[in-house]
Amino acid sequence: MGTTSRAQRMVLADGRSHRGPLFTGAHHPCLGPRRGVPYAADGGKKSVNRQALHDLKQQIPLLGYLQAHDWRAARPLSRGRLMGLCPLHDDQKPSFLVDPHKNLFYCYGCGRGGDVIRFAELYHQVRFPEAVALLRQWRGLPPLLHEAAGFYRMQLHRHSEAVAYLYQRGIRSPELIEHMQIGYAPGGCLRAWLMQLGYPLQTLRQAGLVTASGYDAYIHRVVFPLDGNLYGRSLSAAAPPHRFLPGAKGGLYAWEQVRQCPEVILVEGLFDYAVLWQAGFRNVTCAMGTQLNASQFRQLCDGMRTIYLAFDADANRSGQRAMQTLAHRLREQRLKVCTVELPEGHDPNSLFANGGDARRFQALLEAARS
Ligand SMILES: [Zn+2]
C-alpha cells in the first residue's frame, strides 16, 4: 500500500468524522465509526485524488442515482430518510435505508452500506476505480462537453446547410440560437480540435464524442447542449434522426428558468421548445421524448403548478397516448394538468414552421382539456 492509498483512506475517514453518526438507533457495522472506511476495494486508487472524489460525490446525489436505476422508496421515515427494497440482494420486505441528506445508504438485509461510489461498486459489481470511472461517465464530462459544444457553435454559421435546416424548422432568431447555444457538427473535425486542446483520444471515446473506430460520432447534426449531454439532430434522412451521448439525457430542458412559473408548457422535442420560445412563450420546457425519466418527473412535481402537455398529434396516436398516461400520473400527484389538442399530424414545431403563430397556439392552450 503506497502513500496514495493511505491518503485516500484519510480523506474518506475525514469525511465520515464530520458527518457524525449516520442513522441514530440503528446497528450498522459498515458505517460504524470504528470501522472507518466502508470501501471494500483497496488498491488501484492512484488516479483518484481527494478533491476529485469529493466533487464527484457532490455532483451525483445518491438518491438521484438510485432512482435513475429504478429504485423506489416504499415508505418515508423520519428526517427525510427513505426505506425501500434493496437493489443489492433479493429483498422481500423493504430493508434498504437511504438518507438523501447525508448521501448514504444502509441495508438491514445484506448489511451493506456506504455512499454513491460504494453503491456503484456493489450494484455494477466492479472495483473502486471502475466504479469511479462509471460515475464520472454518468455525471457527464462537463469541461469536455463544454469545449465540444463551443466548437459546434463556431461551426454553425460556417455551414449554410445547417442554417438552412434551422430556417426550415422555423428557427430564425439569432436570440434563440444564442439562448439555446445551438451548434452544428459537420463531422470529421471535432476529434482533431479536442486532441489539439490536449484531450486524449481515449477520453473522447469514453464520452462518446468519437466512435470506437476514431471518427466524430456526430456528423451533419444540429447540436443542442443539455445538462451533461449533447443532443444531435440529423440533417440527413438517411441517419437516425435523434442522437444523445451515452449516459443520462438529464432533467427537463432549461428547468431552472421555468420552475417558478405557475403554468408550464411541456413539449416532446427541442424544436418544439425552440419555436414556442421564439414566439414569446417563456414558460416552456421539454422532456426530449414522451417518456419522462425519474428526475424529470420529480421536477414537474416539485411544486404546485398547472402543466400544459403539448405532445405530437401523430397519426398512430402514440404521442396522445403517452400524454394521457403522463397526465394521469401527474394528476395523481395533485397537479393540475391540461392536455393540448394539436391539429392531426402536427407537433408544435410543424405548427409554427407552417405559418402558425403565438395567437393560434394561445387559442389551443385556452381550449386545452383539464
Ligand atoms: Zn441488501
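Just so it is clear, the structure is predicted and the values come from calculations on it, not from any experiment.

(A) The arrangement of the sheet that holds strand β8 (residues 230–234) in detail. On the basis of which strands lie adjacent, the open sheet formed by four strands has the order β6-β7-β8-β9 and antiparallel pairing. The strands lining the two open edges of the sheet, one partner per strand, are β6 (183–185) and β9 (242–244). Neighbour-to-neighbour, the strand axes of this sheet turn through a mean angle of 30°, independent of strand direction. Bridge count between β6 and strand β7 (residues 221–225): three bridges; the pairing is antiparallel. The partner of A185 across the bridge, within β7, is R221.

(B) The pairing of strand β1 (residues 73–76), seen in detail. Pairing of β1 with strand β2 (residues 82–84) involves three bridges; the strand directions are antiparallel. By the bridge assignment, A73 is partnered in β2 with G84. Counting the residues that bridge the hairpin from β1 to β2 gives five residues, and of these R79 lies at a positive phi of roughly 55°.

(C) Summary view of the pattern of salt bridges. Inspection of the entire model under this criterion finds seven salt bridges. With a closest N to O distance of 2.9 Å, R305 and D302 form a salt bridge. By relative accessible area, D302 is classed as partly exposed at 36%. Here E341 ties to R369 by a salt bridge, and the two come within 4.0 Å at their closest N and O atoms. Residue E341 is found in the loop between β13 (336–339) and α15 (348–353), and its partner R369 is found in the segment after α16 (358–366); the two are separated by 28 residues along the sequence.

Reading guide: rules and limits
- Residues numbered from 1 in each chain as written.
- Predicted model: local features only at pLDDT ≥ 70, side-chain atom pairs only at ≥ 80, totals over all residues.
- Heavy atoms only, no water.
- Pairing = 2+ DSSP bridges.
- Helix = DSSP H or I, 4+ residues; strand = E, 2+ residues; numbered from the N terminus.
- Axes fitted to C-alpha atoms, helices over the stretch in contact; angles between N-to-C directions.
- Salt bridge = Lys/Arg side-chain N within 4 Å of Asp/Glu carboxyl O.
- Buried < 20%, exposed > 50% of the residue type's maximum accessible area, 1.4 Å probe, protein only.

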